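# Coordinate analysis (summary)
Given next are the chains, with one letter for each unit.
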Amino acid sequence: IGTDFWDDQLSKGILFWGFANDDSHQPFEINVGWTHIFADSTSLEDVKRAVKKGNLYASNGLYLHDYSFDGKLIRETADFQYDRIKKIHYKFIGQNGAILAEQDGESGSYILRGDEMYVRVEAMAPDGDMLWTQPIVNKNRFKDENGIF
């Protein structure tokens, strides 16, 4: 993920989702980055619908174990799929890539102040493996050219 470009576009009110993939030129580079899509089924229509709504996260090693947003509080729990270490670094990132909060532990949380244009979360394990969730956006400050809202 080119997070500098992502934050630049989000800060201009252009909404798009972050994806991860492999830039594989050698066999050892396969299955390094992926996008996990939360679709109702594996049908093409369900997958397209989930992607359009941003029901996905990007990773190069961590798994999203829990995520919630109640309109005010963002809470995320990321870790390795099986060998959970519960020592993840969470960054809550806003407009122009500003770090709004950082936390270490099993999960991270952030209470919206209300003036944020967007907030997205990056989770990083001690070995550098990461996970990126999609931004929570202030809908009044974004162009909705694709009918996402």
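Note: the structure precedes this text.
Remember, predicted model here, so these are calculated numbers, not experimental data. (Residues numbered from 1 in each chain as written. Predicted model: local features only at pLDDT ≥ 70, side-chain atom pairs only at ≥ 80, totals over all residues. Heavy atoms only, no water.)

### Looking at the sheet that holds strand β7 (residues 108–111)
What the three strands build is an open sheet, ordered β3-β4-β7; its pairing is antiparallel. Each edge of the sheet is formed by a strand with only one pairing partner; in this case those strands are β3 (63–69) and β7. For this sheet, the mean inter-axis angle between neighbouring strands, taken without regard to orientation, is 10 degrees. Strand direction decides the pairing type here: strand β4 (residues 73–79) and β7, joined by four bridges, are antiparallel. Pairing of Ile74 across the sheet is with Tyr110, part of β7. (Pairing = 2+ DSSP bridges. Helix = DSSP H or I, 4+ residues; strand = E, 2+ residues; numbered from the N terminus. Axes fitted to C-alpha atoms, helices over the stretch in contact; angles between N-to-C directions.)

### Things to note about the pattern of salt bridges
Between side chains of opposite charge, pairing is possible as soon as their charged atoms come close. Scanning the model with the defined rule gives seven salt bridges in all. Salt-bridge contacts for Asp7 lead to Arg120; the nearest nitrogen and oxygen are separated by 2.8 Å. Here Arg120 lies in strand β8 (residues 118–124) and Asp7 lies in helix α1 (residues 3–11), a separation of 113 residues in the sequence. The buried category is assigned to Arg120, whose relative accessible area is 1%. Among the ionic pairs, Glu122 bridges to Arg120, the shortest N-O distance being 3.0 Å. Bridged by salt links that share partners, the residues Asp7, Arg120 and Glu122 form one connected network. (Salt bridge = Lys/Arg side-chain N within 4 Å of Asp/Glu carboxyl O. Buried < 20%, exposed > 50% of the residue type's maximum accessible area, 1.4 Å probe, protein only.)

Spatial relationships are all this shows, so hold off on functional conclusions.
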